[in-house]
Amino acid sequence: PAESPYALVAAALKALGGAAMGPMPLEEALPERLSGVAPDSDVDALSATATAQVPATGLLRQPENDAMRAGTLLHLALQVFSDARDARTAPPQATVLAAVLGVAPDEAQAIHDAVRELCATPAVSRFFDPDQFARARNEVTYVDAQGEVRRVDRVVQFDDAVWVLDYKMQVSDRAGDVRRAAQVAQVGAYVAALQGLYPNMPVRGVLIDLAARRLIEI
């Protein structure tokens, strides 16, 4: 919907001179493939179905509580930051984030600081530093075998592997935790889908725990 947080971010970025976010074919949404992996002809059937019109950036439900709202805002801010870094431009200051996210200046500053700290975390930083990877793309959309539209938070391609990143506000460490199991299964499905496009390169998946600022490899 036009009034969704993602639509507001897209409109704000466009007004600031950035690229508007929206639906795109799979072969455009994914990072450019390296030589020696699946040729374009191998993904024609999949990419043809991936042009379905979907919401501009994400399929998140309306926040139901403060924790969900915080997670949504951190996710949005991280996308804005990483889009800027990928383009080798300066990430937005807190004052700009306040306008983009529609939050008070003090909250925008806290979100700004949290995202900068996350991106500077040693285990996480290489996924947001364009000097360390070959290419990356946020909000990669594809259609699964059941015809459902799926959206990957971030795909990063290095010389030796492709990584699938999925952002979560919190990831439990408890053995047998049902929610963690579902999160792991979700990333596993993303990895399996992208592995078909990169048969000669390993595809790996990670959960990014936004609250703890840590990475959990699947």
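I will try to describe carefully the structure that is included in this document. Every chain's residues receive numbers from 1 upward, in the order its sequence appears when written. Reporting of local features is limited, given that this is a predicted model, to residues whose pLDDT is at least 70; pairs of side-chain atoms are given and counted only at 80 or more, and all residues count toward the totals for whole chains, interfaces and linings. Neither water nor hydrogens contribute to the side-chain values; these are computed over all heavy atoms in the structure.

What about the packing of helix 5 (residues 94-101) against helix 6 (residues 105-120)?
Working step 1: It is the contact of helix 5 with helix 6, at a shortest axis distance of 8 Å, that shows an interaxial angle of 110°. When the axes of helix 5 and helix 6 are compared, the pair comes out roughly perpendicular. Viewed along their axes, helix 5 and helix 6 form a crossing whose handedness is right-handed. Residue-level inspection shows Ala94, Leu97, Ala98 and Leu101 of helix 5 in contact with helix 6, the latter providing Pro105, Ala108, Gln109, Ile111 and His112.
Working step 2: Ten residue types, Ala, Val, Leu, Ile, Met, Phe, Trp, Tyr, Cys and Pro, are classed as nonpolar, four, Asp, Glu, Lys and Arg, as charged, and the remainder, Gly among them, as polar. Of the residues in the contact of helix 5 with helix 6, the class split is 7 nonpolar, 2 polar and no charged. Think of each axis as a best-fit line through the C-alpha atoms, taken over the contacting stretch in the case of a helix, with angles from 0 to 180 degrees between the N-to-C directions. What counts as a helix is a DSSP run of H or I of at least four residues, what counts as a strand is a run of E of at least two, and both are numbered from the N terminus. Oblique is the label for any angle not covered by the other classes, which are roughly parallel (under 35 degrees), roughly antiparallel (over 145) and roughly perpendicular (65 to 115). Working rule for handedness: look at the near helix, and if it is turned counterclockwise from the far one by less than a right angle, call the crossing left-handed; if clockwise, right-handed. Contact between two residues is taken to exist if any of their heavy atoms lie within 4.5 Å; hydrogens are not considered.

Observations concerning the nonpolar core
Working step 1: Here the nonpolar core consists of buried residues drawn from Ala, Val, Leu, Ile, Met, Phe, Trp, Tyr and Cys, with membership extended through side-chain atoms lying within 4.5 Å. Accessibility here uses a 1.4 Å probe with only protein chains present; expressed as a share of the type maximum, an area under 20% marks a residue as buried, one over 50% as exposed, and anything in between as partly exposed. By size, the foremost hydrophobic cluster in this structure holds 32 residues, and its most contacted members are Leu78, Leu101, Ile111, Val115, Phe128, Leu165 and Ile208.
Working step 2: When contributions to this core are tallied by element, the ones reaching two or more residues are helix 4 (66-86), helix 5, helix 6, strand 3 (162-168) and strand 4 (203-209).
Working step 3: Here this core takes 7 residues from helix 4, the largest share from any one element.
Working step 4: Ignoring sequence-local partners within four residues, the contact set of valine 115 consists of Leu74, Ala77, Leu78 and Phe81.

Remarks on the packing of aromatic side chains
Working step 1: A pair of aromatic rings is counted whenever rings of Phe, Tyr or Trp (Trp by its six-membered ring) have centres within 6.5 Å, and the orientation is called stacked for planes under 30 degrees apart, edge-to-face for over 60 and tilted otherwise. Counted under the stated rule, the structure contains 4 aromatic pairs.
Working step 2: Their ring planes at 90° and their centres at 6.3 Å tell us that phenylalanine 133 and phenylalanine 158 sit as a pair that is edge-to-face. A residue pair is termed long-range when its members are at least 10 positions apart, and phenylalanine 133 in the loop between helix 7 (122-125) and strand 1 (135-143) and phenylalanine 158 in the loop between strand 2 (149-157) and strand 3 qualify at 25 residues. Both residues of the pair, phenylalanine 133 and phenylalanine 158, belong to the buried class.

So, the environment of arginine 150
Working step 1: Looking at where arginine 150 falls in the secondary structure, it is placed in strand 2.
Working step 2: In this structure arginine 150 comes out as partly exposed when scored by relative accessible area, which is 36%.
Working step 3: In this structure the C-alpha to C-alpha distance between arginine 150 and tyrosine 190, which are 40 residues apart in sequence, comes to 8.3 Å.
Working step 4: Other than its neighbours up to four places away in sequence, arginine 150 contacts Val140, Thr141, Tyr142, Asp144 and Tyr190.
Working step 5: Definition of a polar contact: a pair of N or O atoms within 3.5 Å, with one able to donate and the other able to accept a hydrogen when the atoms are protein atoms, and with sequence-neighbouring residues admitted only if both atoms are side-chain atoms. Within the local environment of arginine 150, its side chain forms a polar contact with the side chain of aspartate 144, the two groups lying 2.9 Å apart.

Observations concerning the sheet that holds strand 4
Working step 1: A pair of strands is labelled paired if DSSP reports no fewer than 2 bridges between them. Taken together, 5 strands build an open sheet; the order of strands is 1-2-3-4-5 and the sheet is mixed. The sheet terminates laterally at strand 1 and strand 5 (214-217), the two strands that pair on one side only. Within the sheet, the average angular offset between the axes of one strand and its neighbour, ignoring direction, is 35°.
Working step 2: Pairing between strand 3 and strand 4: 7 bridges, direction parallel. Residue valine 162 lies in a different strand from strand 4, and its bridge partner there is valine 203.

Some points on the pairing of strand 4
Working step 1: Most of strand 4 sits inside the fold, with 6 of its 7 residues counted as buried.
Working step 2: Handedness of the crossover is the feature at issue here: the chain leaves strand 3, passes through helix 8 (residues 178-195), returns alongside strand 4, and the resulting connection is right-handed.
Working step 3: With 4 bridges joining them, strand 4 and strand 5 adopt antiparallel strand pairing. Counterpart to leucine 207 in the pairing with strand 5 is isoleucine 216.
Working step 4: In textbook terms, the turn of a hairpin is the stretch between consecutive antiparallel strands, and for strand 4 and strand 5 this stretch comprises 4 residues, one of which, arginine 213, has a positive phi near 50°. Look down the strands so they point away from you; if going from the first strand over the helix to the second traces a clockwise path, that crossover is right-handed.

Considerations on the side chain of aspartate 153
Working step 1: Structurally, the position occupied by aspartate 153 is in strand 2.
Working step 2: Among buried charged residues, aspartate 153 stands out as having no salt bridge; its nearest opposite-charge side chain is lysine 168, 6.1 Å away.
Working step 3: Side chain to side chain, aspartate 153 and histidine 75 meet in a polar contact 3.4 Å long.
Working step 4: Every residue in contact with aspartate 153, bar those within four places of it in the chain, is listed here: His75, Arg137, Asn138, Glu139, Leu165, Asp166 and Tyr167. None of His or the chain ends enter the tally, which takes Lys and Arg as positive and Asp and Glu as negative. The working definition used for a salt bridge is a side-chain nitrogen of Lys or Arg within 4 Å of a carboxyl oxygen of Asp or Glu.

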